[in-house]
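Fold and geometry: a report
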Amino acid sequence: MRTKILLAAIFVAFLCFPPQWYPESVRLQLDGWFGARSYRALPASIEPTELNGEVQCPEDLPGWREAQTIAGVDIRRSSTCVADNPSAVAAFVRGTNNVSQQVLMDSGLTPDAVVKGRDLDGDGDPDEIHIRLEVVELNGSSPDLDVPIAQYSIAPGIMPGFWVFVPKTFGMATENFESIKARAMLRAPSPAIRVEQGDRIKITLENSHYMPHTMHFHGVDHPYVDAQGEGNDGVPLTSAMPVMPGGARTYDLQPRQSGTMFYHCHVQPQVHIMMGLQGLFVVEENRPNNWVQTLNVGAGQVRAPSVAVTEKYDREYDLQYLNIDRELNNLIQASSDPRVITEQMHNRYNITEASSDYFTVNGRSFPYTFRESLVIAKPDEHIKLRVANGGSEGVAFHTHGHKVTATHYDGVEINPSAQITRDVVWIASTQRVDLDLDTTNDGLHSYGSGVWLFHDHQEKGVTTDGIGPGGNINAIVYEEYLQDNGWPETQGVDYEPYFTEAYYRKEIPVWRAYAGELFSPAGTDYWMLVRLLGLALSLGVLVVLVFSRFTHRIADE
């Protein structure tokens, strides 16, 4: 009986063994004996699921996109889908102490957020500027909720943790009592700071965070110690103790040289800078009646450019790049205990083993970059791009359809005879480069109107957790290719899949937008499952029989 069962198990295993698993010579021999096998189709593809994507271009209900004059400040139109609060722009230009209560309320800023004082040189603009910044945590842990708060997304469903410098605001950190989404003013990157050459600047860090922080002004002319003899460089190792939680520290500056600079926290910089405590610092050339936009929240378009910029350029944009290691940034989501976070972040996390999972420009990844960070152009314009790389990796800044001219590196003008026009500009970590984007259609500076991408040409830079398109993809969009709602009129694919969380969770075929049925995941091959099940059962019987005979033989001996 046992022999019959053994032979039956061998026969079933032979029948169930998948033919494609045999060596080629065996398959050919079997075909010679029993005839060639008929074609067997692959299993059908899984039907594409219905997408429930976000609205690509939210409606501009408060009318922030339109050109307008507020508090005597002419604020340029923002052509992109999502725009900055124009009342905040006006308050940043005039000073929160120089606008009406209504403008201040509409801006969401406190009366002392940006205080502008006396005109010391009599040229029609203030020369005493006092800026107050706080520290805010985005997408951090909450003792009351099992989801991050205050939520800030860099792409659909992607919410790494951030620490950012923000202007002083009143009210809640979230949009309202029912929302856990961060209000618009609280976002990455930290705001670009603009001052005028020669101004007397005070910047007060009011540390509203649970960790020590400082501000270091990278490339900005400032004394090592202030008038009181206290360290003024923001470096705990040499200059000054960090600002402890609940404390405040005022830094004094009077920059003598103009240019595009940088600022960042210098406490455990390998962690704090990469968490988002960094921003552009622009020193504008001195001009009469030059009321500069002191803060540019989220970078992007400068809606009230300086006098010096408008002398040479038609538009101005700030662009700040950052690469994000999910292991680091998401540590603040694992615990709401600062002691645990400090241990994990500053002792256990090892930046020398870091990887880059997300890549942003102005705090967003594609497709959100198309909502708010597009560079809008017309033919025959000169557009100033101030580009900073706040990440730990270099950026190979590449423009489609254009070649840009680098005019300044790290705030220092390049001799005009040495300026280079190219379509890939290498930007090292913390380096800044000023670029002249010339839209003259001459086949060199511009190839003509269109929707032309620009991005980091290191291929991982255009992905989000390895999924493309994503990362820091952005575009130069000519006005004739821009829809009324601010979305570019593209000739390519439907963008709907990219506005779903499932796409970046890797649940949707990457070609869903134009070849979804062809490249949908393969369905289940049920006949193969039956064969494998039969093979497994027959092999199991064989193992039991052999083991049983072996144990009986040992017992007999």
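Residues numbered from 1 in each chain as written. Predicted model: local features only at pLDDT ≥ 70, side-chain atom pairs only at ≥ 80, totals over all residues. Heavy atoms only, no water.

Turning our eyes to something else, we now look at the sheet that holds strand β11 (residues 278-284). An order of β8-β10-β11-β6-β12 is seen for the 5 strands of this open sheet, with the pairing classed as mixed. Bordering the open sheet on either side are β8 (216-218) and β12 (295-296), each of which pairs with just one other strand. Pairing analysis gives 4 bridges linking strand β6 (residues 192-196) to β11, with the strands arranged parallel. Its bridge partner lying in β11, E196 is registered against E284. (Pairing = 2+ DSSP bridges. Helix = DSSP H or I, 4+ residues; strand = E, 2+ residues; numbered from the N terminus.)

With that out of the way, let us pick up the pattern of salt bridges. By the definition in use, this model includes 33 salt bridges. With a closest N to O distance of 3.0 Å, D465 and R326 form a salt bridge. Remark: R326 occurs in helix α7 (residues 326-329) and D465 occurs in the loop between β24 (451-456) and β25 (474-478); sequence separation between them is 139 residues. One connected set of salt bridges, linked through shared partners, spans R194, E284, E316, D318, K384, R386 and D434. (Salt bridge = Lys/Arg side-chain N within 4 Å of Asp/Glu carboxyl O.)

On to unusual backbone geometry. Here the amide bond leading from A188 into P189 is cis, since omega sits at -5°, within 30 degrees of zero. Relative to the assigned elements, P189 resides in the loop between β5 (162-167) and β6. Each neighbour pair has its own omega, and for G468 with P469 the value is 0°, a cis peptide bond. Position of P469 relative to the elements: it lies in the loop between β24 and β25. Phi is positive for D465, which is not a glycine, with a value near 55°.

The subject of this paragraph is the sheet that holds β25. Taking strand neighbours across the sheet as the criterion, the 5 strands line up as β16-β25-β24-β18-β22 in an open arrangement whose pairing is mixed. Each of the sheet's edge strands pairs with one partner strand only, and the pair in question is β16 (375-377) and β22 (424-427). Going from strand to strand, the sheet's axes swing by 20° on average, the running direction of each strand aside. Sheet topology places strand β18 (residues 395-399) next to β24; 3 bridges connect them, and they run antiparallel. Across the sheet, the residue bridging to H398 is H455, located in β24. (Axes fitted to C-alpha atoms, helices over the stretch in contact; angles between N-to-C directions.)

To continue, consider the packing of aromatic side chains. Under the counting rule described, the total for this entry stands at 19 aromatic pairs. Consider the rings of F370 and Y495, whose centres lie 5.9 Å apart with planes at 35°: the pair is tilted. Highlighted residues: F370 in helix α9 (residues 369-372) and Y495 in the loop between β25 and α10 (501-504), separated in sequence by 125 residues. There is no split in this pair, since F370 and Y495 are both buried. Note on Y495 and Y498: the rings are 6.0 Å apart at their centroids and 85° apart in plane angle, and the pair reads as edge-to-face. What makes Y498 buried here is its relative accessible area of 5%. Cluster of aromatic residues (ring-pair linked, three or more members): F366, Y368, F370, W487, Y495, Y498, F499, Y503 and Y504. The ring centre of W291 lies 4.4 Å from the NZ or CZ of R94, which sits over that ring. We note R249 situated over the ring of Y251; from NZ or CZ to the ring centre the distance is 4.9 Å. (Phe/Tyr/Trp six-rings, centres within 6.5 Å; stacked < 30°, edge-to-face > 60°. Buried < 20%, exposed > 50% of the residue type's maximum accessible area, 1.4 Å probe, protein only. Lys NZ or Arg CZ within 6 Å of the ring centre and 35° of its normal.)

Bear in mind that shape data such as this cannot, by itself, settle questions of function.
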